[in-house]
Amino acid sequence: MSIRNLDRMYAPRSVALIGASARPGAVGNVILSNLLGAGLPGPVWAVNHRGGEILGQQVYRDVASLPGVPDLAVIATPPKSVPGLIDELGRRGTKAAVVITAGFGELGEEGRALQAQMLAAARPHLLRIAGPNCLGIMSPGAGLNASFGHVQPGKGHVAFVSQSGAVVTAVLDWATSRGIGFSHVASLGGMADVDFGDMLDFLAADPQTKSILLYIESIRDARKFMSAGRQASRLKPVIVIKAGRHEAGARAAASHTGALAGSDAVYQAAFRRAGMLREMGIEDLFDAVETLSARWARRPVSGEKLGILTNGGGVGVLATDFLIDEGGRLAEITEETVAALDKVLPRTWSRANPVDIIGDADAERYAHGMKALLQDKETDAILVMNCPTAVVNNLSAAEAVIEAAGGSHKPVFTTWLGDKGVREARAAFQARRIPTYETPTSAVRAFMLHVRHNRNQRLLLEIPDAGPDRAMHDRKTARALIEQALTEKREWLSEAEAKKLLAAYGIPVVETRVVSSGAEAAKVADELGYPVVLKILSPDITHKSDVGGVALGLDNAASVEEAASRMAARVARVRPDADIEGFTVQQMARKPDAFELILGIVDDETFGPVILFGQGGTSVEVVRDKAMALPPLNKVLADDLISRTRISRLLEGYRNKPPADRDAISMALMALGDLAADHPEVVELDINPLWADADGIIALDARVRVMPAKVKGTARFAVRPYPLSLEGSLTDREGRVYPLRPIRPEDMHLTDELLANSDPEDVRLRFLSPLRKLPRQLAARLTQIDYDREMAFVVFTDETRKEFAAVGRLSEDPDRERAEFAIIVRSDLHGHGLGYALMRQLIDYGRSRGVGEIFGHVLRENRSMLNLCDDLGFTRHPLEGDPTIIETRLSLR
């Protein structure tokens, strides 16, 4: 369940408070006061078994006595009473409840049992529950304050969703004093039902919400959160504050990847994949609210070049330093701007950006500086700063900035440094919704918030190159290796097995032979050629170098036998408990220009498989140069993962060292994502080191840990991978067979060719408007889909798979109650029943997903599509407000 009945929760026509209290300061008294004071247009009913009157309101003794059915119930009664109340309210027709009461899942087994009873009571009635153990919810635009917060928030366009009620009250107190309002405020508490995924889906579609701020302590349903987050982030900025960045006790991990993959690093990877922007502390949270509530915040910042206007050169330098540290860009103002400023500023002004207008700058000088920078073509946003002096009124300078900013759409950030002497100026900025900050650091960070959002959006529009051909992966060999280990009750594959597994997925490996003795090792070394590397072979030892289990550069048979003897004795002494099965021998690779990297997979408890990349070698856990990403990866995402490490700059080459083959590294990262999707038994994987140079990559060592799969297939993935099982074919009524598969991100150019090869009238009938080529943003949206909520089947003209014959799409709502279809068939292939076959494919897919109803919007003049729908049992319905369109519907339940 996702957004169903959340409209009743956040825009109720009537509210009942169960547990109203006459005692001043009691939770039930504060909530009733807030409900009455928020301006709800409909009735607010108070319920208490004593009856009487509270705050001038009649009090009803029980739910049965209420004069009507409340859309929303707020419950502040003892925990054991809650399941019965939920059942009674549901039977009456109430569709939403906020459970303020604590004493559920947070109190152990008894509390969890009570919570299960509450949910079981709600389920038959589709009654949604916020909480339990929460502050409550608020929707100022709807006149709703169903909380025991201490202030009434104002109306605004920022939504704030938090697991912590204390954080909510702190933010509301801070924001209210600055005149900042909200569209919705939600304290989720125990998240027994409504969680972050539900709220993201709801707020993404809410026209009053222009940006979303989340305070997160934990995620319950990772896939729902990721799907909702990716959807919301495409539409509006989503800012995340994540608490609990440092675990008191990290889990013990046998692999380097496991040791490097802390919980917070995985959350960071998830937020990045979802397109969210992460901030770190409570100060950042306040600054984010200030920024998102700005009057210009409903429009995106168009670029990332910052102009700085200041009366203090020192603070201008400090702001510039921090901007560069954060990855920002200082605008290079044009010669025209310099000339314009020369005419109105003292000769001693900086004549560059930052624009230092000197310490005695008055309001007129600030006005001239603002006018020039607002008109400067190279400046995308402006930071205006003021250091207080005794010779100038800083309030008049602020008013000059306000007046200049009022006539421009260019974002303006302000910092009036100081405290008592600048309060009036800050208040003036806040009154006009121009964001103002106490320090240059906070102001620059606020600007970079928008820059990072823009970069995320651009990343979404990049067209990835094709990744490794999944059909070329040797799944049969990989499956046999894994099943053998599981059958033998082994968690770890041997080094040789691990390398065979990697080779099955196209990752080059050093040939590795397994031997049982030093003599056999010498014989194999003669065959491979010298020098060789000798390693201990034991299922109980994963870090071989730690116990002296690696010998390098052995250049003859005698040295191999001697090394084997010494190694066996040393390991037996250091690890007497280890089962020694023999040795592995491999030719010593010689790549003097190679970079040592680490690639890996770790299975996170919340988000499932995670891919790791970084600088490898024996010091990997000391250097800790790594980045993580949620699979599946495409070329763009793999390249982005590499770029987030320090070693990525070295991979570009330096001095006489040539650049490494980054494409080969990216392909290996994508292959690891495929491996994780195909084999849920793989819970940890290390390739360390992977050598990379100009000639490609090669894995020198690998560790793979396997365990029986807890869930089938890719259900543990937070982002549903490409559904390989849906590949197949369609047959038209004449018996012609067409290859079919789900759409991929790299299909954008084939989509453009399909439109170019179709009659313009057919394209108009599909998109309800004339198009010859899809806008880039729309094309990216249609090809980079979330397979967990949407499916697009592409049909090829023949086995060469070079041209699309048709595309059929099914887009589900978050509740899977309805899914919208869309189909386009290339014009020269009309009349063969291909569209009919494709629609049947969509219907079957929707039914397999549990979708309740399929619908589509069809122009009245598109008789062929309307007739096709009629033949398949769809019914026709006029679309309210548009007489040119028919909505066709087919029930699947």
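Residues numbered from 1 in each chain as written. Predicted model: local features only at pLDDT ≥ 70, side-chain atom pairs only at ≥ 80, totals over all residues. Heavy atoms only, no water.

Enquirer: Got a minute to help me understand empty space enclosed by the protein in this structure?
Expert: With a probe scaled to a water molecule rolled over the atoms, the places where space remains empty come into view. Taken as a whole, this structure holds five cavities of 30 Å³ or more when the rule is applied. Estimates place the volume of the largest cavity at around 110 Å³. Lining the largest cavity are 13 residues, with Thr751, Arg766, Phe767, Val807 and Arg809 positioned closest to its centre. For the lining of the largest cavity, the secondary structure elements donating two or more residues are α25 (748–756), α26 (760–767), α27 (776–783), β34 (804–812) and β35 (818–825). Along the lines of polarity and charge, the residues of the lining of the largest cavity split into eight nonpolar, three polar and two charged. Quantified by volume, the second largest cavity comes out at close to 80 Å³. Every residue lining the second largest cavity is listed: Ala269, Arg272, Arg273, Leu459, Met628, Ala629, Leu630, Leu637, Asp640 and Arg644. When the residues that make up the lining of the second largest cavity are grouped by side-chain class, the tally is six nonpolar, no polar and four charged. (1 Å grid on protein atoms, 1.4 Å probe; cavity = no way out; pocket = protein on both sides within 12 Å on 5 of 7 lines; lining within 4 Å. Points joined across faces, edges and corners; volume = space filled by probe spheres on them. Helix = DSSP H or I, 4+ residues; strand = E, 2+ residues; numbered from the N terminus. Nonpolar A, V, L, I, M, F, W, Y, C, P; charged D, E, K, R; others polar.)

Enquirer: Hey, could you run me through the packing of aromatic side chains in this one?
Expert: The way to describe two aromatic rings as a pair is by their centre distance and the angle between their planes. In total, this model carries 13 aromatic pairs according to the counting rule given. Ring geometry for Trp174 and Phe286: centres 4.9 Å apart, planes at 10 degrees, overall stacked. Of the two residues, Trp174 is situated in helix α5 (residues 165–177) and Phe286 in helix α10 (residues 282–292); the sequence distance between them amounts to 112 residues. Accessibility assignment for this pair places Trp174 and Phe286 in one class, buried. With a centroid separation of 5.6 Å and an interplanar angle of 70 degrees, the aromatic rings of Phe821 and Phe874 are classed as edge-to-face. You can see Phe821 sitting in strand β35 and its partner Phe874 sitting in the loop between α29 (863–871) and β37 (875–878), a full 53 residues away along the chain. In this pair, the class of Phe821 matches that of Phe874, namely buried. One aromatic cluster is present, built from ring pairs that chain together Phe225, Tyr267, Phe271 and Phe607. Positioned above the aromatic ring of Tyr267 is the side chain of Lys242, whose terminal nitrogen or guanidinium carbon lies 4.5 Å from the ring centre. For Arg744, the ring lying beneath its charged end belongs to Tyr722, and the centroid distance is 4.7 Å. (Phe/Tyr/Trp six-rings, centres within 6.5 Å; stacked < 30°, edge-to-face > 60°. Buried < 20%, exposed > 50% of the residue type's maximum accessible area, 1.4 Å probe, protein only. Lys NZ or Arg CZ within 6 Å of the ring centre and 35° of its normal.)

Enquirer: Sorry if this is basic, but what is going on with the layout of surface pockets here?
Expert: Quantified by volume, the second largest pocket comes out at close to 1,200 Å³. Lining the second largest pocket are 30 residues, with Gln268, Arg272, Arg452, Asp640 and Arg644 sitting closest to its centre. Where the lining of the second largest pocket is concerned, the elements lending two or more residues are α9 (263–274), β14 (277–279), α16 (440–461), β27 (626–629) and α22 (635–643). Per-element accounting of the lining of the second largest pocket gives the leading share, seven residues, to α16. In the lining of the second largest pocket, the residues fall into eleven nonpolar, three polar and 16 charged.

Enquirer: What should I look at first to understand helix α17 (residues 475–487) in this one?
Expert: Residues spaced three or four apart along an α-helix face the same direction, because each turn holds 3.6 residues. Compared with an ideal rise of 1.5 Å per residue, which puts 13 residues at 18 Å, α17 spans 18 Å between its outermost C-alpha atoms and is within 8% of the ideal. Residues of α17 that are buried make contact with α18 (495–504), β28 (682–693) and β30 (702–706). Within two residues after α17, Lys489 carries a phi angle of roughly 60 degrees, on the positive side. (Expected span 1.5 Å × (residues − 1). Contact = heavy atoms within 4.5 Å.)

Enquirer: Please clarify how the sheet that holds strand β3 (residues 53–54) should be interpreted in this entry.
Expert: Whenever strands of a sheet pair, they do so through backbone hydrogen bonds, lying parallel or antiparallel. The seven strands are arranged β3-β4-β2-β1-β5-β6-β7 in an open sheet whose pairing can be described as mixed. Whereas interior strands pair on both sides, the edge strands pair on one side only; in this sheet they are β3 and β7 (128–130). Pairing analysis gives three bridges linking strand β6 (residues 96–99) to β7, with the strands arranged parallel. In the strand pairing of β7, Ala97 is matched with Ile129. With respect to the sheet, helix α3 (residues 82–92) is in contact with β1 (15–18), β5 (72–75), β6 and β7, its orientation differing from that of β5 by roughly 165 degrees. (Pairing = 2+ DSSP bridges. Axes fitted to C-alpha atoms, helices over the stretch in contact; angles between N-to-C directions.)

Enquirer: Sorry, what's going on with the side chain of Lys499 here?
Expert: Mapped onto the elements of the fold, Lys499 is located in helix α18. By relative accessible area, which is 2% here, Lys499 ends up buried. For Lys499, the side chain forms a polar contact with the side chain of Glu495, separated by 2.8 Å. Within polar-contact distance, the side chain of Lys499 engages the side chain of Thr512 at 2.7 Å. (Polar contact = N/O pair within 3.5 Å; in protein donor to acceptor, adjacent residues only side chain to side chain.)

Enquirer: Would you explain the environment of Ile100 in this entry?
Expert: Within the element layout of this structure, Ile100 appears in the loop between β6 and α4 (109–122). With relative accessibility at 8%, the residue Ile100 sits in the buried group. What Ile100 contacts, discounting residues up to four positions off in sequence, is Val27, Ile31, Val74, Ile75, Ala76, Asn133, Cys134, Leu135, Gly136, Ala146 and Phe148.

Enquirer: Sorry, what's going on with the pairing of β35 here?
Expert: Side-chain direction in a regular strand flips from residue to residue, so the side chains alternate between the two faces of the sheet. Counting buried residues along β35, six of its eight residues qualify, which places the element largely inside the surrounding structure. Strand direction decides the pairing type here: β34 and β35, joined by seven bridges, are antiparallel. Looking at the pairing, Leu810 lines up with Phe821 of β35. The loop that links β34 with its antiparallel partner β35 comprises five residues; one of these, Arg816, has a positive phi angle of about 60 degrees. Where β35 lies against strand β36 (residues 853–859), three bridges are found, and the strand directions are parallel. Paired with Glu820 across the strands is Phe855, a residue of β36. Handedness of the β-α-β unit built from β35, helix α28 (residues 834–848) and β36 comes out right-handed. (Right-handed = clockwise from strand over helix to strand, strands pointing away.)

Enquirer: Looking at this model, I keep getting lost on the pattern of salt bridges. Mind explaining?
Expert: Side-chain pairing between opposite charges can occur once the charged atoms of the two side chains come close. In this structure the tally under the stated criterion is 59 salt bridges. Here Glu562 ties to Arg566 by a salt bridge, and the two come within 2.6 Å at their closest N and O atoms. A residue pair is termed a helical-turn pair when its members lie 3 or 4 positions apart in one helix, as Glu562 and Arg566 do in helix α20 (residues 557–574) at four residues. Accessibility expressed as a relative area gives 40% for Glu562, which makes it partly exposed. Looking at Arg566, the relative accessible area reads 53%, which means it is exposed. Three or more residues joined by partner-sharing salt bridges are found here, namely Arg128, Asp193, Asp195, Asp198, Arg220 and Lys224. (Salt bridge = Lys/Arg side-chain N within 4 Å of Asp/Glu carboxyl O.)

Enquirer: What am I meant to see in the sheet that holds strand β21 (residues 512–515) here?
Expert: Here four strands make up an open sheet; going across it, the order is β21-β24-β22-β23 and the pairing antiparallel. In this open sheet, the two strands that pair with only one neighbour each are β21 and β23 (550–554). The mean angle between the axes of side-by-side strands here comes to 20 degrees, regardless of whether they run parallel or antiparallel. Both strand β22 (residues 532–537) and strand β24 (residues 582–587) contribute to a ladder of six bridges, which runs antiparallel. Of the residues in β24, the one forming a bridge with Leu534 is Val585. The sheet contacts of α20 involve β22, β23 and β24, and relative to β22 the element is tilted by about 30 degrees.

Enquirer: Just to check I follow, could you spell out the confidence of the model for the chain for this structure?
Expert: For residues with low pLDDT, the predicted coordinates do not support detailed interpretation. When the pLDDT values of the chain are averaged, the result is 91; 97% of them are 70 or greater. Taken together, the stretch residues 248–261 has pLDDT below 50 and engages in 40 contacts with residues farther than four places along the chain or on a different chain. (pLDDT = per-residue confidence, 0-100.)

Enquirer: Looking at this structure, how should I read the nonpolar core?
Expert: General note: in soluble globular proteins, nonpolar side chains tend to be found buried as a group. Of all hydrophobic cores here, the largest spans 65 residues; its most connected members are Leu72, Ile137, Leu214, Phe225 and Phe607. Among the elements that make up this core, the one with the highest residue count is α9 (seven residues). If sequence neighbours within four positions are ignored, Ile137 has contacts with Met9, Tyr10, Leu72, Val98, Ala130, Leu144, Asn145, Ala146, Ser147, Val185 and Ala186. Core analysis: the second largest hydrophobic core is formed by 53 residues, Leu750, Val807, Leu842 and Cys869 among them. (Core = buried A, V, L, I, M, F, W, Y, C linked by side-chain atoms within 4.5 Å.)

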